[in-house]
Amino acid sequence: MDTLRALELRHSVRSYKDKPITGKELETLQSLVAEANKKAGLHIQLVLNQPKAFTGFLASYGKFKNVQNYFAMIAPKGKDEAIGYYGQKLVLEAQKLGLNTCWVGGSHGKDKDAYDIGRREKLYIVIPVGYGETQGHPHKTKGFDKLVKTGGGLDKDESKWPDWFVAGVKAAQLAPTATNQQAFTLGLDKKGRVELKAGIGIMTGIDLGIVKYNFEVGAAAAGKKDVKWK
């Protein structure tokens, strides 16, 4: 499975089977975490067989079931976009391994014994990972004309844009964002650089990182391997 197909198939999953992550799947996830931390100066940790954070009231409110494993998305303050970008990479690579995931903001408890948070660091978000009881369901998305801006206004004419840009936008449409708000717009400047701007909403910094990763996956599938960002 290539990354674009993983992006298309991946949906949020909140209920998991009682099946541990082992072998090649575990080794791959650990390697991906180490790579992300090294490249972006993050402190992401893969927490295994620790259900405490998903057994309290908040977890029940979020309708989580049997969450045993999760990525603790920890980093120094000010790393919101990097957390989103590399978190989405982890999510899609997990999908390619046959695993399921869910971005979780506030509907989980705390388990400080399960991970380390250094000085000037914080836990931004957590991402459950495991073998889902289902494959989840698609979420509603905004149309091209609601996400693309040109000349100060929205643009619904896909034919005006390069194929790779349209492919990137379509991949960005599938990005999981906080409360499914999709509070962002995309465009191109005169130098061919992609403009990504946040709207008003919660966790928009993390959302921008997720959107950026999705866009790059879609653009790469259409032949654009070197997306330039403004």
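What counts, and where the lines are drawn
- Residues numbered from 1 in each chain as written.
- Predicted model: local features only at pLDDT ≥ 70, side-chain atom pairs only at ≥ 80, totals over all residues.
- Heavy atoms only, no water.
- 1 Å grid on protein atoms, 1.4 Å probe; cavity = no way out; pocket = protein on both sides within 12 Å on 5 of 7 lines; lining within 4 Å.
- Points joined across faces, edges and corners; volume = space filled by probe spheres on them.
- Helix = DSSP H or I, 4+ residues; strand = E, 2+ residues; numbered from the N terminus.
- Nonpolar A, V, L, I, M, F, W, Y, C, P; charged D, E, K, R; others polar.
- Phe/Tyr/Trp six-rings, centres within 6.5 Å; stacked < 30°, edge-to-face > 60°.
- Buried < 20%, exposed > 50% of the residue type's maximum accessible area, 1.4 Å probe, protein only.
- Core = buried A, V, L, I, M, F, W, Y, C linked by side-chain atoms within 4.5 Å.
- Contact = heavy atoms within 4.5 Å.

Trainee: Tell me about empty space enclosed by the protein, and name the residues and values.
Mentor: Following the criterion strictly, the structure yields one cavity of 30 Å³ or more and no others. Taken together, L32, E35, A36, Y86, K89 and L90 form the lining of the largest cavity. Breaking the lining of the largest cavity down by element, the ones donating at least two residues are α2 (23–40) and α4 (80–96). Taken together, the residues of the lining of the largest cavity sort by class into four nonpolar, no polar and two charged.

Trainee: Give a detailed account of the packing of aromatic side chains, specifying residues and quantitative values.
Mentor: Overall, the coordinates contain nine aromatic pairs when judged by the stated rule. Residues Y85 and Y86 carry aromatic rings whose centres are separated by 5.1 Å and whose planes lie at 65 degrees to one another, so their mutual orientation is edge-to-face. Residue Y85 shares its accessibility class with Y86, and that shared class is buried. Ring geometry for F215 versus W229: centroids 5.4 Å apart, planes at 65 degrees, classification edge-to-face.

Trainee: Kindly report on the nonpolar core, identifying the contributing residues and their values.
Mentor: Grouped together as the largest cluster of nonpolar side chains are 55 residues, with contacts concentrated most on L29, F71, F165, L186 and F215. Once you skip the residues sitting within four places of it in the chain, F165 turns out to touch V148, L186, G187, L188, V194 and F215. By size, the runner-up hydrophobic cluster in this structure holds 15 residues, among which are V47, F64, Y70 and I74.

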